[in-house]
Amino acid sequence: MSYYLTTPIYYVNSTPHIGHAYTTIAADIFVRHHRQRGEDTFFLTGVDEHADKVARVATEQGLEPQEYVDQIVTAWKELPELVNASIDYFIRTTDEGHKTFVQDFLQRIYDNGDVYQDVYAGLYCVGCEAFKSDDELVDGKCPDHGVEPEWIEEKNWFFRLSAYQDKLLALYAERPDFVLPEFRANEARGFIAGGLRDFSISRATQTWGIPIPWDPVQVAYVWADALVNYVSALTYAPKAELGFWPGRHLLAKDILRFHCVYWPALLLSAGYEVPKQLFVHGYLNLEGRGISKSLGNVIDPRKLIDVYGVDPLRYWVARAAVFGQDADVSVESFQERYERELGNDLGNLVSRTTAMIAKYRDGRIPVAPGLGDQAAVERLATEVPRRLDDFDLTGAIELIWEFVRSLNKFVTDAKPWELAKDEANADELDRVLYALADGLRIAAITLQAYLPETAPKILAALGQPEDVSWDGVAYGKTVSGEPVVAAEPLFPRVEAPAAAA
RNA sequence: GGCGGCGUAGCUCAGUGGUUAGAGCGACGGACUCAUAACCCGUAGGUCGGUGGUUCGAAUCCACCCGCCGCUACCA
């Protein structure tokens, strides 16, 4: 079994914000989970560096485009590190290996007869990096940038997307889970069924990009370049191999069309398999508004991490929205999750468990199986993977949290402090403490993908081996290991919510 | 306009034909003391957007109406 997952590559000229962190963290949770199951995994993210705007900004700063992107790529390379994403490779579209592969890829679709030359003309807004139709303009100006678009007319190479309508429809019909959630697949299918127009894959007036092999004065336009990265990386990244293809892909809803329509068509044309699955997630809206630079409400993930730590941010990603849906979020809601769930439910459970083992049994976990909800453990062991296989990030954590809550209830019902008062109850107290420690050990392993820093801390607090393989999600594997002492709070109270922006 | 979807307790939502419609959060009351004033229990009496149908029976199926949202092409 192999599991290859990619995020979109982010546009290097932008700035990393919570939206990028959202995708990257979600992807990391899936990947870490599959690693726990012992699968051969590969996790790719990176940046798209070829765009006209990049070249223009570089020129303004008196730099070569390559020098410029080499500078600004730093912020993007830090993103996975910042959110503790266990990536295997960070791709840049300026990688030599990528360029070589793209040229080969383009040659393949050319040889396949899917490319032809035509004139491309229209009003182009440099700010948007997009052609605008008349009805999109306000007073002849781009509503987003307030400038008049330029008239551009050039001979471009076009990809015969229209020739792939039937094949794409057949693909969607044969594989109902090709695009998830289902309503996104419906959108894509509706778009395809409405008729497909060919699109331009080259730019004649630009030089910053990958030269078209049969017409080197032109460079590849974004889709013919960026979308190819998910395969190209496998041909040259360390430890990668083409055998990982086809993989799975995560994306936000704004780029659905390109990834769910253009990309599969390009792959078919070039003779590659289409992805196994594409999961389209929604947006996090801050206080009811979209997150955008122009609104000035961009949350810097770094600020949240500085105040709360990485794991709370990762936890929030899984909890803030039903994965796939949009959701309104706020810094207050983040704080709420942190205190109520991480602090009170989980952190406090670790505190009370370790404190009782230390107090009643001198820190030694009595190996006394018998109590504890074995059926619940078995449910976790099979149902959490099943949900994560369906990209149900939220449903899986919900299941795990029900288990965490049940452990708190177990403590209240079993009343270890009562049992401790009478030596005659020693055996029963042993069994209670064991069941508690075992449940917490299991919870830690199931949470590892979500909370990679916290899970090992819990195992360590219980004196258990660091092994987080999924086999450990089984009843009665807790050992009487290193002495247990009352643990320090895992998620201490934080004074005030971190400021947004 | 076309296609798709939504409207359920104060909030976020689950529930798609069948006993008294559920969860989490918030609020109120109680209990407990192992623990990060945490945890546990109870209460919340909501025309399940509206109207009319189908059915022994509908939040759950159908029709219409009201309100809201997504997609409807080359923007990372």
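All values reported here derive from a predicted model rather than from experimental measurement. (Residues numbered from 1 in each chain as written. Chains lettered and ligands numbered in written order. Predicted model: local features only at pLDDT ≥ 70, side-chain atom pairs only at ≥ 80, totals over all residues. Heavy atoms only, no water.)

This brings us to the domain arrangement of chain A. One can read the domain layout of chain A as domain 1 (2–298) and domain 2 (332–472). Between domain 1 and domain 2, the residue contacts involve 17 residues of the former and 17 residues of the latter. Carbon and sulfur atoms supply 65% of the area that domain 1 and domain 2 bury against each other, a total of about 1500 Å² over both sides. A per-residue breakdown of the area domain 1 buries against domain 2 is headed by Ile 29, Phe 30 and Gln 36, which together make up 43% of the total. Summed over the shared surface of domain 1 and domain 2, the number is one salt bridge. Taking the shortest distance from any N to any O, the salt bridge between Asp 389 and Arg 37 comes out at 2.4 Å. Where domain 1 meets domain 2, there are five residue pairs in polar contact (both at pLDDT 80 or more). When contributions to the side of domain 1 that touches domain 2 are tallied by element, the ones reaching two or more residues are strand 1 (2–11), helix 1 (18–36), strand 12 (248–252) and strand 13 (277–281). Top element by residues in the side of domain 1 that touches domain 2 is helix 1. It accounts for seven residues. (Domains from an automatic or database assignment. Contact = heavy atoms within 4.5 Å. Buried area = accessible area lost by both parts, 1.4 Å probe. Salt bridge = Lys/Arg side-chain N within 4 Å of Asp/Glu carboxyl O. Polar contact = N/O pair within 3.5 Å; in protein donor to acceptor, adjacent residues only side chain to side chain. Helix = DSSP H or I, 4+ residues; strand = E, 2+ residues; numbered from the N terminus.)

Here the focus is the pattern of salt bridges. The tally for this structure, following the rule as stated, stands at 27 salt bridges. One salt bridge connects Arg 35 with Asp 88, and the closest N-O pair in it is separated by 4.0 Å. Separated by 53 residues along the polypeptide, Arg 35 in helix 1 and Asp 88 in the loop between helix 3 (65–82) and strand 3 (89–92) bring together distant segments of the chain. By relative accessible area, which is 30% here, Arg 35 ends up partly exposed. Residue Asp 88 is classed as partly exposed on the basis of its relative accessible area, which comes to 33%. Measuring nitrogen to oxygen at the nearest pair gives 3.3 Å for the salt bridge that ties Arg 108 to Asp 104. Of this pair, Arg 108 and Asp 104 both sit in helix 4 (residues 96–111), four residues apart, which is roughly one turn of that helix. Among the residues examined, Arg 108 registers a relative accessible area of 34% and is labelled partly exposed. A relative accessible area of 37% means that Asp 104 is categorised as partly exposed. Connected via shared salt-bridge partners are Arg 319, Arg 337, Glu 341 and Glu 398. (Buried < 20%, exposed > 50% of the residue type's maximum accessible area, 1.4 Å probe, protein only.)

Helix 11 (residues 310–320) packs onto helix 1 with a crossing angle of 90 degrees between their chain directions and a minimal axis gap of 9 Å. In terms of orientation, helix 1 and helix 11 fall into the roughly perpendicular class. Facing helix 1, whose interface residues are Ile 18, Tyr 22, Ile 25, Ala 26, Asp 28, Ile 29 and Arg 32, helix 11 presents Leu 313, Arg 314, Trp 316 and Val 317. Residues of the contact of helix 1 with helix 11, tallied by class, amount to eight nonpolar, no polar and three charged. (Axes fitted to C-alpha atoms, helices over the stretch in contact; angles between N-to-C directions. Parallel < 35°, antiparallel > 145°, perpendicular 65-115°, else oblique. Nonpolar A, V, L, I, M, F, W, Y, C, P; charged D, E, K, R; others polar.)

Let us look at the protein's contact with RNA strand B. Neighbouring residues of RNA strand B: 47 residues in total, closest Gly 195, Arg 197, Trp 223, Arg 257 and Asn 348. The sugar-phosphate backbone supplies 66% of the atoms of RNA strand B found within 4 Å of the protein. At a separation of 3.1 Å, a base oxygen of RNA strand B approaches a polar backbone atom of Phe 491. Within the side chain of Arg 493, an N or O atom sits 3.1 Å from a phosphate oxygen of RNA strand B. Per-element accounting of the surface near RNA strand B gives the leading share, 13 residues, to helix 12 (residues 331–361). A class-by-class count of the residues in the surface near RNA strand B yields 22 nonpolar, 10 polar and 15 charged. (Near = heavy atom within 4 Å.)

On to the sheet that holds strand 9 (residues 202–203). Strand order in the open sheet made by the three strands is 9-11-10, with antiparallel pairing throughout. Two strands bound the open sheet, and with one partner strand each, they are strand 9 and strand 10 (211–212). Of the pairings in the sheet, the one linking strand 9 to strand 11 (residues 215–220) comprises two bridges and is antiparallel in character. Directly across from Ser 202, in strand 11, lies its bridge partner Ala 220. (Pairing = 2+ DSSP bridges.)

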